[in-house]
Amino acid sequence: MFGDLGEFFTSGSNLMFFVFAILAIGGAIFSISFTKVVHMVISLAVTFLSLAGLYVLLHAEFVAFVQVLIYAGAISILMIFGIMMTKHAEEEQELKRPLHSWLVGLGVAGLFGILFYAIQNSTLPDPGVLEAGENNTLEIGKLIFSVHVIPFELMSVLLTVAFIGAIVVAKKEDD
Amino acid sequence: MSTLATPYLMLAAILFCIGLYGALTKKNAVIVLLSVELMLNAVNLNLVAFAKLGVAPNLTGQIFSLFNITVAAAEAAVGIALLIALYRNKGTVDVNEMDQMRR
């Protein structure tokens, strides 16, 4: 696994992958180790942005821009609004049950061990060539409006229902 | 023989495990929601990686990840709305104190 690290870094895209991966993991780890909740949201925004960079590396430009718009833009701002509208002055203190934290950490480490073993031992066949065409957004649009049109319409209904439901739930009772 | 998709799968596994740990141990419900978003992002990374580096590369994986992002946005909106409604009634966002259903 570590033997071919030298040739791994010779390629530019691998170097970019390394930078984005470090940023993503760093943001995620800082987001669970910071004590102030706003700092947690900001560091998770760093993770979302670097994942968008990884999508560009994977030739998924449209997904990358959707990721920047939805995650780094909308969801981070929504979470910050959620923090501002609730109690935000107090810091996130440690759980009163350290045993619970330890058990969860142990379970997560076990799950990661299983995933690591499975990924390292799986032999993936050589990838074919992605026929993405010149214009990624154009191809995705063609596919969405021809093959996947019913899930697409279902998604719009789901979004409408979810957002109307969110407004009804969060509305004040007396008006 | 490690193929090209392996680093992406490892990164997604690491992000998923960090998100799972955060979702199970954090007290603030906003951070729990964000950790769930992190787990969904790890799954999205896997989908896009297999859309490029899988056995049969296809744009359908990217479309699936777009649908996944949509569902995640709906989930975040409803989650924040529930949190705000609960905060109005109870004055807390601590997940340990959300136990009205079992009284």
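About the thresholds
- Residues numbered from 1 in each chain as written.
- Chains lettered and ligands numbered in written order.
- Predicted model: local features only at pLDDT ≥ 70, side-chain atom pairs only at ≥ 80, totals over all residues.
- Heavy atoms only, no water.
- Helix = DSSP H or I, 4+ residues; strand = E, 2+ residues; numbered from the N terminus.
- Buried < 20%, exposed > 50% of the residue type's maximum accessible area, 1.4 Å probe, protein only.
- Contact = heavy atoms within 4.5 Å.
- Areas by Shrake-Rupley, 256 points an atom, 1.4 Å probe, with all protein chains shown as cover.
- Salt bridge = Lys/Arg side-chain N within 4 Å of Asp/Glu carboxyl O.
- Buried area = accessible area lost by both parts, 1.4 Å probe.
- Polar contact = N/O pair within 3.5 Å; in protein donor to acceptor, adjacent residues only side chain to side chain.
- Nonpolar A, V, L, I, M, F, W, Y, C, P; charged D, E, K, R; others polar.
- Patch = residues over 30% accessible without salt bridge, like charges linked within 9 Å, V, L, I, M, F, W, Y side chains within 5 Å.

**Some words on the overall build of chain A**
When its secondary structure is counted, chain A shows seven helices and zero strands. Each of the 175 residues in chain A was classed as buried or not, and the buried ones make up 32%. A fraction of 52% describes how many contacts in chain A between residues 6 or more apart in sequence connect residues 24 or more apart. Of the roughly 10,900 Å² of accessible surface on chain A, 72% is carried by carbon and sulfur atoms.

**A few points about the pattern of salt bridges**
All names here are of chain B. Going through the model one piece at a time under the given rule, you end up with one salt bridge over all chains. Across the salt bridge formed by Lys27 and Asp94, the nearest N and O atoms sit 3.5 Å from each other. With Lys27 in the loop between helix 1 (6-25) and helix 2 (29-53) and Asp94 in the segment after helix 3 (60-90), the pair connects residues that are 67 residues apart, well separated along the chain. Exposure remark for Lys27: the relative accessible area of 11% places this residue in the buried category. Using a relative accessible area of 13% as the deciding quantity, one classes Asp94 as buried.

**Overview of the interface of chain A and chain B**
By a widely used convention, the size of an interface equals the accessible area lost when the partners come together. Each side of the interface is counted separately: chain A has 79 residues, and chain B has 69 residues. In total, about 6,900 Å² of surface goes out of reach between chain A and chain B, with carbon and sulfur atoms giving 79% of it. The tally of links from chain A across to chain B stands at zero salt bridges. In this structure, the connection of chain A to chain B is made through six residue pairs in polar contact (both at pLDDT 80 or more). Every element with two or more residues in the side of chain A that touches chain B is listed here: helix 2 (12-33), helix 3 (37-57), helix 4 (61-85), helix 5 (98-121), helix 6 (136-146) and helix 7 (149-170) of chain A. Counting residues per element, the side of chain A that touches chain B draws most heavily on helix 4 of chain A, which supplies 12 residues. Its residues placed into classes, the side of chain A that touches chain B shows 56 nonpolar, 13 polar and 10 charged.

**Looking at unusual backbone geometry**
All names here are of chain A. Not every positive phi belongs to a glycine, and His59 is a case in point at roughly 60 degrees. Locating His59 in the fold gives a position in the loop between helix 3 and helix 4. For His59, a relative accessible area of 41% corresponds to the partly exposed category.

**Here's the deal with a nonpolar patch on the surface**
Residues and elements named next belong to chain A. Residues Val19, Leu23 and Val46 make up a contiguous nonpolar surface patch of about 210 Å² in total accessible area. Tracing the chain through its elements places Val46 in helix 3. Judged by its relative accessible area of 34%, Val46 is partly exposed.

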